[in-house]
Amino acid sequence: MNPRFLAASRSAVASGTARMSRRMAQLGLGALLCAAAWGFSQTAAAQEKVLRIAMTAADIPRTLGQPDQGFEGNRFTGITMYDALINWDLSKSNAASVLMPGLATSWQVDAADRRKWVFKLRSGVRFHDGSPFNADAVVWNVQKVLDTTAVHFDASQVGVTASRMPTLRSARKIDDLTVELTTSEPDSFVPFNLTNLFMASPTHWQAKFNAATGATPAERSRAAWTAFAADPSGTGPFRGVRLVPRERFEMVANKTYWDPARVPQIDRVVLIPMPEANARTAALLGGQVDWIENPAPDSVPQITSRGFKLYTNEQPHVWPWQFSMVQGSPWTDIRVRHAANLCIDRSELKKLLGGLMAEPKGTVGPGHPWWGNPKFDIKYDLRTAQRLMTEAGHSAAKPLKVKIQVSASGSGQMQPLPMNEWMQQALKKCYFDVELDVIEWNTLFTNWRRGAKDASARGSNATNVSFSAMDPFFAMVRFVNSTAQPPVSNNWGHVESAEFDALIHRARTSFDAKARDEALARLHARIVEEAPFLWVAHDVGPRAMSARVTNVVQPRHWFIDIAPMRMN
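Per chain, residues are indexed from 1 in the order of the written sequence. The predicted origin of the model limits local features to residues at a pLDDT of at least 70 and limits the giving and counting of side-chain atom pairs to 80 or more, whereas totals for whole chains, interfaces and linings rest on all residues. Excluding hydrogens and water, the side-chain figures rest on all heavy atoms present in the structure.

Trainee: Explain the pattern of salt bridges here, please?
Mentor: Two side chains bearing opposite charge may form a pair once their charged atoms approach each other closely. Put simply, a salt bridge is a Lys or Arg side-chain nitrogen that is within 4 Å of an Asp or Glu carboxyl oxygen. All chains considered together, the criterion is met by 28 salt bridges. The partner of Arg 262 in a salt bridge is Asp 561, with the nearest N and O atoms 2.8 Å apart. Here Arg 262 is found in the loop between strand E9 (248-253) and strand E10 (268-273), whereas its partner Asp 561 is found in the loop between strand E20 (549-550) and strand E21 (566-567), with 299 residues between them in sequence. Put simply, Arg 526 and Glu 530 hold a salt bridge, and the shortest N to O gap is 3.1 Å. With Arg 526 and Glu 530 both in helix H19 (residues 513-530), this residue pair falls four residues apart, about one helical turn. Exposure remark for Glu 530: the relative accessible area of 26% places this residue in the partly exposed category. One connected set of salt bridges, linked through shared partners, spans Arg 337, Glu 499, Arg 522, Arg 526, Glu 529 and Glu 530. Only DSSP runs of H or I reaching four residues or more are called helices, and only runs of E reaching two or more are called strands; each is numbered from the N terminus. Think of it in three bands: with a 1.4 Å probe and only protein chains considered, a residue is buried below 20% of the maximum accessible area for its type, exposed above 50%, and partly exposed in between.

Trainee: Hey, could you run me through the sheet that holds strand E19 (residues 543-545) in this one?
Mentor: Here a strand pair is declared whenever DSSP counts at least two bridges between the two strands. If you trace the seven strands from one edge of the open sheet to the other, you get E8-E9-E10-E1-E11-E19-E12, paired in mixed fashion. Every interior strand has two partners, whereas the edge strands, strand E8 (238-244) and strand E12 (309-311), have only one. The sheet shows a mean angle of 20 degrees between the axes of neighbouring strands, direction not considered. Here three bridges tie strand E11 (residues 291-293) to E19, and the two strands are oriented antiparallel to one another. Bridging from a neighbouring strand, Trp 291 pairs with Met 545 of E19. Docked against the sheet, helix H10 (residues 277-285) engages strand E1 (50-55), E11 and E19, running at close to 165 degrees with respect to E11. The convention used is that axes are lines fitted to C-alpha atoms, helices contributing only their stretch in contact, and that angles between N-to-C directions extend from 0 to 180 degrees. Any two residues whose heavy atoms approach within 4.5 Å are treated as being in contact.

Trainee: Can you walk me through the packing of helix H12 (residues 334-343) against helix H14 (residues 382-391) in this structure?
Mentor: Each pair of packed helices gets described by two things: the angle between the helix axes and the distance between those axes. Packing of H12 against H14 leaves a shortest axis separation of 8 Å and a crossing angle of 155 degrees. With respect to H14, the element H12 is oriented roughly antiparallel. The handedness of the crossing between H12 and H14 is left-handed. Contacts between H12 and H14 pair Arg 335, Val 336, His 338, Ala 339, Leu 342 and Cys 343 from the former with Leu 382, Thr 384, Ala 385, Leu 388, Met 389 and Glu 391 from the latter. Any residue that is not Ala, Val, Leu, Ile, Met, Phe, Trp, Tyr, Cys, Pro, Asp, Glu, Lys or Arg is counted as polar, Gly included; the first ten are nonpolar and the last four charged. Per-class residue counts for the contact of H12 with H14 are eight nonpolar, two polar and two charged. Any angle from 65 to 115 degrees is called roughly perpendicular, while one under 35 is roughly parallel, one over 145 is roughly antiparallel, and all others are oblique. Note: crossing handedness is left-handed where the near helix turns anticlockwise from the far helix by less than a right angle, and right-handed where it turns clockwise.

Okay, here's the thing in structure tokens:
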């Protein structure tokens, strides 16, 4: 269906190192070709155990504590250098990841006022700059994204943080190792939300602020955050030491990390933005990197035959089209939404991806506590899809014009251009005339928070942003809750449903896990039946690595923990 899709990686790999070097130079990545350009001598490099990672992002995710570039940012510059109060357990490949204590050792909601949560903090933890982690640091980090009157408030960090914890309002110190967080309403999702708030060092930032120049405190604050990004300080297992925007970011092991099980065995990690799958594949085969995200699918046999290891695991991660429900959108007709979901043969797409996807039945699958047994079955049924489109007034002679905003690369986007071109062709059979609006990944991600009504949509009535589905808020609530419409969170399509809102309220105010899961199961069933998405694929997180990289655990999660890995 799409010959370019199958031929791309063959031609890229066959063109060899010369083409790879030219492409890397275009990306500002020529420095990879000599160890001296990394800022440490060949002798030191030989003694160090260095892990070089080619990311799908086109730039280094922000390093100041709240990463951008989607969850690829959290994966590589978030959980590596920082901790949250609550972390994800990424130590298992055969079970779903669960929440675990991070910088908080315990937490509980106040029985008398369920808008208040009390967190007991871990003692003896220090930031990379040597300053202590305590309740004052937690309050400071909440203020950085929520308190507009705080001198260190940074509006640039709000979008990627507040939209992920929309009910959090404030933090109050009780004592050095106890802090109280307050929400706008009772919210049982708070522990999940807080995995996205990373703790940066207030002392280190203050030193940057004191040294900054500027006519106003606001100007000095912005300068301080810029300086902090170049010289970050968290509590995580790695410490950032060198940033070259759009080229590389280097981190070194924090040998005094508070968790003995995660004290790094690798001395240095080098992150390299490389958005083109073919360039990443060639870089791995050419020995320029040790690990690549999302290899070109057709090159997998060559990668594995050359002794590299391919890691995959089905993840709670959805690759969808998200529909606009704004008046005038073609997707407001449920027959059209159902038709699109029935029109595509996902097994064919899976073959084109070399098997590197799973076929979805919804946001979660049968057997999951939130499944709910929806009445609408997501499958390939071309005849029914065509009938629905005919009933809606469309035909081969009168196709329905739709426009979708997509990225050329990016975190979790798998292979977005070939996949969307395949979708464009597949949907023609059901009388869709699909226009693709291709933009840069981080711009697409930013537009996602602005919504379908915003000028940034450029007339698109659907968007293709993949999303993690490991917790209730990320999986469902932020897309269909009427209070999560832009700019609050990711209800890009402006879905409004009293039924959805009531089910969300029931789940959010259920602090008993069984009752919460029952409400979420009903919510998921109704979401699938109403189909505000075209569910295309579930990611399996393919990453190819040198055999020298060992002790790798590929969890059932969008993140992966570098700290326990080793280099032989």
